[in-house]
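# Chain and residue survey
Take a look at the letters that make up each chain.
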Amino acid sequence: MTGLVYKSTGSYYTVKTDDHQVYECRIKGKFRMKGIKSTNPIAVGDVVDFELDNTTDEEVGQIHNIHDRKNYIVRKSVNLSKQTHIIASNIDVVFLLITINNPPTTTSFIDRFLVTAEAYGIEAVLVFNKIDTYDDAMLDEQLYLQYIYSEIGYKCLRVSSTEGKGIDELKQLMTGKVSMFSGHSGVGKSTLVNALQPNLNLKTKSISEQSKQGQHTTTFAEMYDLDFDAKIIDTPGIKGFGIVDMEKEEISGFFPEFFKLQDNCKFNNCLHKEEPNCAIKKALEEDKIAWSRYNSYLKILEGDDEHYRTDTYNDDRIASDETRK
C-alpha cells in the first residue's frame, strides 16, 4: 500500500492512503536515506510504501520504501550539530510567521529560513502575525520589514488570527497546495490554523511573561486536511535555524537581490567581503541592499549558527536602523 505521512513522532508515523484509510506505521528495520544524515529518516509530507504486519492483532504498518522527494525543509539538529532534522517534505509553499516582539523574530532568523527555502526551491511567504497587538513603534518596524522583503520579491501578508484580518488572502494562497507553517514558538501558528479551520481545535498557549518567548504547543509536525482544498503542516516552534550543506561560494546565490547583481562583480568567485569592485558592496553603500540582509549573509558565510534569538534581536534592529539613515 502507498500513503502520505501525516504525523511523525520519531517512532510511529500516521499514514493516510488515497482512499482516506489511516494507519499507524513503523519503520522496517534500520532505515537510512541515501546521502542524508538525518535524525528523522521519514518526515511529514513523505509518500511511503508500507505493508500491514500480520504478526499482531493490531493494524500496524511496516514502512519499507520512501518515494523520491521533490523538496524538503531541513535544518541542523539542535543537539547533534553534525546531523540534520528534516522539518517536512514535498511542500508547495512555506509560510514563515513573524512577530515583532511577542515573541521577537530576528531578521537573522528570517533570512536563514529564506535561504534554506531558496536552496530547496520552495516558495516562501512572510506572514506578519498579531498585527492587532502592535503599537505605533511596532507597526513602524513591521512595515519597514515588509518593505525590505517586498522589494526583494517576497510575498508578505499582514494577519490577525483573533480579528480575522488577512485570513481570506491567506486561504487563496493555500488553496490546492500543501503548505507549511513555521516560526518561533509563540508566533501563533496553531492559533492561525484554528482561524483557518475552527473545528480542528489545536491546543494553544500564551506567551511566557518572564521570558517573552513562546511555549511549545505543537510537539510533533502534523498535516491537516482543510475544507477549502488545502493541506497544512503545522510544525513545532524552532528557536534557531542552522544552515545545512552550503558551500561559501553558493550562499549569495540564495539571496535574490545579491544574485541579480553578483555577475557585475570583478571576480567570479567574489565573496562580497574585502574584494575590490564588488557589485554587492556598491549596492549596499547606495542603500539598494538592506544592511540587515548583508549582516545575515556574513553570519551565514562565517558559519555562525543561530542557536540564539533574543540576544541578537537588538543587533538586527540596529542593522535595520542603519539602512534608514
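Because the structure is predicted, anything quoted here is derived from the model rather than measured.

Counted by the stated rule, this structure contains 11 salt bridges. A salt bridge links glutamate 257 to arginine 293, with the nearest nitrogen and oxygen atoms 2.7 Å apart. Here glutamate 257 is found in helix α6 (residues 256-259), whereas its partner arginine 293 is found in helix α8 (residues 291-301), with 36 residues between them in sequence. Judged by its relative accessible area of 11%, glutamate 257 falls in the buried class. For arginine 293, a relative accessible area of 1% corresponds to the buried category. Here glutamate 286 and lysine 288 are joined by a salt bridge, their closest N and O atoms 3.1 Å apart.

This next bit is on the confidence of the model for the protein. For the protein, the average pLDDT comes to 82, and 78% of its residues sit at 70 or higher. Every residue in residues 206-218 scores below 50 in pLDDT, and together they form 34 contacts with partners more than four places removed in sequence or on other chains. Counting interchain partners and residues more than four positions distant, the pLDDT-below-50 stretch residues 306-325 has 52 contacts.

Turning to α8, a few remarks are in order. Since the α-helix packs 3.6 residues into each turn, any two residues three or four apart lie on the same face. Most of α8 sits out of view: nine of its 11 residues are buried. Those residues of α8 lying buried are Ser292, Arg293, Tyr294, Ser296, Tyr297, Leu298, Lys299, Ile300 and Leu301.

By size, the foremost hydrophobic cluster in this structure holds 36 residues, and its most contacted members are Leu126, Tyr149 and Met180. Of all the elements in the fold, those that place two or more residues in this core are β1 (2-8), β7 (84-89), β8 (93-98), α1 (107-119), β9 (123-128), α2 (136-152) and β11 (178-182). Among the elements that make up this core, the one with the highest residue count is α2 (six residues). With sequence-adjacent residues up to four places away left out, leucine 126 is seen in contact with Leu96, Ile98, Ile110, Leu114, Tyr149, Lys155, Cys156 and Leu157. One finds Val93, Leu97, Phe181 and Leu202 within the second-largest nonpolar core, a separate group that totals 22 residues.

What follows concerns the pairing of strand β4 (residues 47-52). A regular strand places its side chains on the two faces of the sheet in alternate fashion. Here β1 runs beside β4; their pairing, made up of three bridges, is antiparallel. Each bridged residue has a counterpart across the sheet, and for glycine 3 the counterpart in β4 is valine 48. As defined by bridge partners, β4 adjoins strand β5 (residues 60-66) across five bridges and the pair is classed as antiparallel. Looking at the pairing, aspartate 49 lines up with asparagine 65 of β5.

Time to look at the packing of helix α3 (residues 167-174) against helix α4 (residues 189-196). Any two packed helices are characterised by how steeply their axes cross, that is the angle between the axes, and by the distance between the axes. At a minimum axis distance of 11 Å, the contact between α3 and α4 shows a crossing angle of 85°. Our classification of the angle between α3 and α4 gives roughly perpendicular. Side by side, α3 and α4 meet where Ile167, Leu170, Lys171 and Met174 of the first sit next to Leu192, Ala195 and Leu196 of the second. Per-class residue counts for the contact of α3 with α4 are six nonpolar, no polar and one charged.

The rules we used
- As a convention, each chain's residues are numbered from 1 in the sequence order in which they are written.
- The predicted origin of the model limits local features to residues at a pLDDT of at least 70 and limits the giving and counting of side-chain atom pairs to 80 or more, whereas totals for whole chains, interfaces and linings rest on all residues.
- Excluded from the side-chain calculations are hydrogens and water; all other atoms, namely the structure's heavy atoms, are used.
- Each salt bridge in this description consists of a side-chain nitrogen of Lys or Arg and a carboxyl oxygen of Asp or Glu lying within 4 Å of one another.
- Strands here are runs of E lasting at least two residues and helices are runs of H or I lasting at least four, both read from the DSSP assignment and numbered beginning at the N terminus.
- Think of it in three bands: residues with accessible area under 20% of the maximum for their type are buried, residues over 50% are exposed, and the middle band is partly exposed, with areas taken using a 1.4 Å probe on protein chains only.
- Scored from 0 to 100, pLDDT reflects the predictor's confidence in each residue.
- Working rule for contacts: check all heavy atoms of both residues, and any pair within 4.5 Å makes them a contact.
- Nonpolar cores were defined as sets of buried Ala, Val, Leu, Ile, Met, Phe, Trp, Tyr and Cys residues, with membership established by side-chain atoms within 4.5 Å.
- Should DSSP find at least two bridges between two strands, the strands are taken to pair.
- Axes here refer to lines fitted to C-alpha atoms; in helices the fit is confined to the stretch in contact. Angles between the N-to-C directions go from 0 to 180 degrees.
- Just so you know how the angles are binned, under 35 degrees is roughly parallel, over 145 roughly antiparallel, 65 to 115 roughly perpendicular, and the rest oblique.
- Charged residues are taken to be Asp, Glu, Lys and Arg, nonpolar residues to be Ala, Val, Leu, Ile, Met, Phe, Trp, Tyr, Cys and Pro, and polar residues to be all remaining types, Gly included.

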